[in-house]
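# Geometric and topological summary
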Amino acid sequence: AQKVTQAQTEISVVEKEDVTLDCVYETRDTTYYLFWYKQPPSGELVFLIRRNSFDEQNEISGRYSWNFQKSTSSFNFTITASQVVDSAVYFCALSEAHGSSNTGKLIFGQGTTLQVKP
Amino acid sequence: GAVVSQHPSRVICKSGTSVKIECRSLDFQATTMFWYRQFPKQSLMLMATSNEGSKATYEQGVEKDKFLINHASLTLSTLTVTSAHPEDSSFYICSATGGGSSYEQYFGPGTRLTVT
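Residues numbered from 1 in each chain as written. Chains lettered and ligands numbered in written order. Predicted model: local features only at pLDDT ≥ 70, side-chain atom pairs only at ≥ 80, totals over all residues. Heavy atoms only, no water.

### What to know about the nonpolar core
Basically, it comes down to this: Buried residues of nine kinds, namely Ala, Val, Leu, Ile, Met, Phe, Trp, Tyr and Cys, make up a nonpolar core once their side-chain atoms join them within 4.5 Å. For every residue, the accessible area obtained with a 1.4 Å probe (protein chains only) is divided by the maximum for its type, and the residue is called buried under 20%, exposed over 50%, and partly exposed between those limits. Only runs of H or I of at least four residues qualify as helices and only runs of E of at least two qualify as strands under DSSP, and these elements are numbered from the N terminus.
Ranked by internal contacts, the top residues of the largest apolar core, which has 25 residues, are Trp35(B), Tyr58(B), Phe67(B), Ile69(B), Leu79(B), Tyr92(B) and Leu113(B). Of all the secondary-structure elements, those providing two or more residues to this core are strand S2 (10-13), strand S3 (19-25), strand S4 (32-38), strand S5 (44-51), strand S7 (67-73), strand S8 (76-81), strand S9 (90-97) and strand S11 (111-115) of chain B. Core analysis: the second largest hydrophobic core is formed by 24 residues, Ile11(A), Tyr25(A), Tyr32(A) and Leu34(A) among them.

Pasting the structure below:
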């Protein structure tokens, strides 16, 4: 069964602190995709990153970085020097690939609400 | 590129009426569209997957007769909430994919439905 767990329901930090959002997933497939999305108060989902299961390289994009570890089935997201504008709900998601039959169905984690205080 | 729109963005309707929500891919052909539902402070739950020209595939527990999905063209899918009740009040989000190896999903801005 596919499952995504974001154990941290809410995190509150002070501006300029670093913060890591955890994501643990379960899947039987060897080929799959992992995603992070940001959902600000407006509700619209903002795509942050997609990683396929064969690419374990960590990625850095500005203040954002992602740590993918297949050995622990984790795909954690770190925001460095957080800012008030980072306040949002962050979702981790999993999409399994079944070759040509994959429809891209996403399984979302419960989400982590990040509050960055000035 | 890859813009998905939803209309309306907000709708208030009376209990017992039906509401139609449109999801459009503006600059690409969407072979597959997905409909999600999100209750306040909760995650997105997939309701159904629709492929152009065929019947939608509903997730377990989602009533097909209540949530009618039509994907008549490669740029438009509609979700009709029939005989809406207050418990149907939610945030409905669609996404679209054009296929290909990445199966990137592009999300619409969402529709907030309030049933009074």
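Moving on from the coordinates now.
### Let's talk about the interface of chain B and chain A
Spelled out, the test is: Whether two residues are in contact is decided by their heavy atoms: any pair within 4.5 Å suffices. Accessible surface is computed with a 1.4 Å probe, and the buried area is the amount of it that two parts give up when combined, taken over both parts together. One speaks of a salt bridge when a side-chain nitrogen belonging to Lys or Arg is within 4 Å of a carboxyl oxygen belonging to Asp or Glu. As used in this structure description, the phrase polar contact means that two N or O atoms lie within 3.5 Å; if the pair is within protein, one of them must be able to donate a hydrogen and the other to accept it, and residues adjacent in sequence are counted only when both atoms belong to side chains. Residue type decides the class: Asp, Glu, Lys and Arg count as charged, Ala, Val, Leu, Ile, Met, Phe, Trp, Tyr, Cys and Pro as nonpolar, and the leftover types, Gly among them, as polar.
Of the residues lining the interface, 20 residues belong to chain B; the matching set on chain A comes to 20 residues. For the chain B and chain A pair, buried surface summed over both sides reaches about 1,600 Å², with 52% attributable to carbon and sulfur atoms. The shortest N-O distance in the salt bridge between Glu59(B) and Lys105(A) comes to 3.4 Å. There are three residue pairs in polar contact (both at pLDDT 80 or more) connecting chain B and chain A. At the level of secondary structure, the elements contributing two or more residues to the side of chain B that touches chain A comprise S4, S5 and S9 of chain B. The dominant element in the side of chain B that touches chain A, judged by the number of residues it contributes, is S4(B), at four residues. Here the residues of the side of chain B that touches chain A sort into nine nonpolar, nine polar and two charged.

Shape is all these values report; function is a separate question.
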